[in-house]
Amino acid sequence: VPVISVVIGEGASGGALGIGIGDKLLMMENTWYSVISPESCSSILWRNWNHKEDAANALKLTPQDALNEKFIDGIIEEPLGGAHYEPEVAYENLKQSILQNIKAFSKFTGEELETQRQEKFIAMGKFKG
């Protein structure tokens, strides 16, 4: 069964890791996704929250950053100003993205999906030989 995960707000900590294991990980345009919040990262590295902006930049939290780093598979467009300004439009964009991905997965067997998922995560790592 294909697993499609969508970040619709803030995705952080263990929950972020949990939703990241799917076949497809999508983010709404105005969300962020990381294993730690910028405030917590700043608190650990600098022992205060004064460097949260530095931490946020280093963590590459935005959907575009995550797509560039190949942590996610796509970005779902939101209405100008965010999904809460036009929830019906945001819902329709989300629905169409999910349906499009379900259709794309329908041509694969369970074994093929499993292999693709494994290859996706293996490709994320950078190793020195």
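Structure: see above.
Note that the coordinates shown come from a computational prediction; the quantities given were computed from them, not determined experimentally. (Residues numbered from 1 in each chain as written. Predicted model: local features only at pLDDT ≥ 70, side-chain atom pairs only at ≥ 80, totals over all residues. Heavy atoms only, no water.)

**Q** Tell me about the environment of Asn50, and please be specific about residues and values.
**A** Structurally, Asn50 is set in the loop between helix H2 (38–46) and helix H3 (52–59). The spacing of Asn50 and Ile122 is 72 residues in sequence and 36 Å in space, taken between C-alpha atoms. (Helix = DSSP H or I, 4+ residues; strand = E, 2+ residues; numbered from the N terminus.)

**Q** Just give me the short version of the sheet that holds strand S3 (residues 24–28), but keep the residues and values in it.
**A** The strand order across the open sheet built from three strands is S1-S3-S5, with neighbouring strands paired in parallel fashion. The open sheet is flanked by strand S1 (4–7) and strand S5 (74–76), the only strands paired with a single partner. Strand-to-strand twist across the sheet, computed as the mean angle between neighbouring axes with direction ignored, equals 30 degrees. The sheet contact formed by S3 and S5 spans three bridges and is parallel. Bridged to Leu26 within S5 is Gly74. Where helix H5 (residues 87–105) meets the sheet, its contacts fall on S1, S3 and S5, and the angle it forms with S3 comes to roughly 165 degrees. (Pairing = 2+ DSSP bridges. Axes fitted to C-alpha atoms, helices over the stretch in contact; angles between N-to-C directions. Contact = heavy atoms within 4.5 Å.)

**Q** Requested: an account of the side chain of Asp23, with residues and values cited.
**A** Residue position: Asp23 is located in the loop between helix H1 (14–19) and S3. Reaching out from Asp23, the side chain makes a polar contact with the backbone nitrogen of Val3 at a distance of 2.7 Å. Polar side-chain contacts of Asp23 include one of 2.8 Å to the side chain of Arg117. Contact partners of Asp23, with chain neighbours within four places excluded, come to Val1, Pro2, Val3, Asp73, Phe105, Leu113, Arg117 and Lys120. (Polar contact = N/O pair within 3.5 Å; in protein donor to acceptor, adjacent residues only side chain to side chain.)

**Q** Tell me what's going on with H5, and back it up with residues and numbers.
**A** The first and last C-alpha atoms of H5 sit 27 Å apart over 19 residues, in line with the 27 Å expected at 1.5 Å per residue. Buried within H5 are the following residues: Ala90, Leu94, Ser97, Asn101 and Phe105. Each buried residue of H5 lies within a common arc of 70 degrees when the element is viewed along its axis, so the set occupies one face. Seen from the open side of H5, the exposed residues pointing more than 90 degrees away from its buried face are Glu88, Tyr91, Gln100 and Lys103. (Expected span 1.5 Å × (residues − 1). Buried < 20%, exposed > 50% of the residue type's maximum accessible area, 1.4 Å probe, protein only. Arc of directions from axis to C-beta.)

**Q** Report on the pairing of S1, specifying residues and quantitative values.
**A** Alternating positions in S1 separate cleanly, Ser5 and Val7 being buried on one face and Ile4 and Val6 remaining unburied on the opposite face. Here S1 runs beside S3; their pairing, made up of four bridges, is parallel. By the bridge assignment for S3, Ile4 is matched with Lys24.

**Q** How would you explain the pattern of salt bridges if you had to name every residue and give the values?
**A** By the definition in use, this model includes two salt bridges. When the shortest N-O distance is used, the salt bridge between Asp23 and Arg117 registers 2.8 Å. Separated by 94 residues along the polypeptide, Asp23 in the loop between H1 and S3 and Arg117 in helix H6 (residues 110–124) bring together distant segments of the chain. Residue Asp23 is classed as buried on the basis of its relative accessible area of 7%. A salt bridge links Asp73 to Lys120, with the shortest nitrogen-to-oxygen separation between them at 2.7 Å. Placement of Asp73 in the loop between helix H4 (63–68) and S5 and of Lys120 in helix H6 is noted, with a sequence separation of 47 residues between them. We classify Asp73 as partly exposed; its relative accessible area is 31%. Judged by its relative accessible area of 16%, Lys120 is buried. (Salt bridge = Lys/Arg side-chain N within 4 Å of Asp/Glu carboxyl O.)

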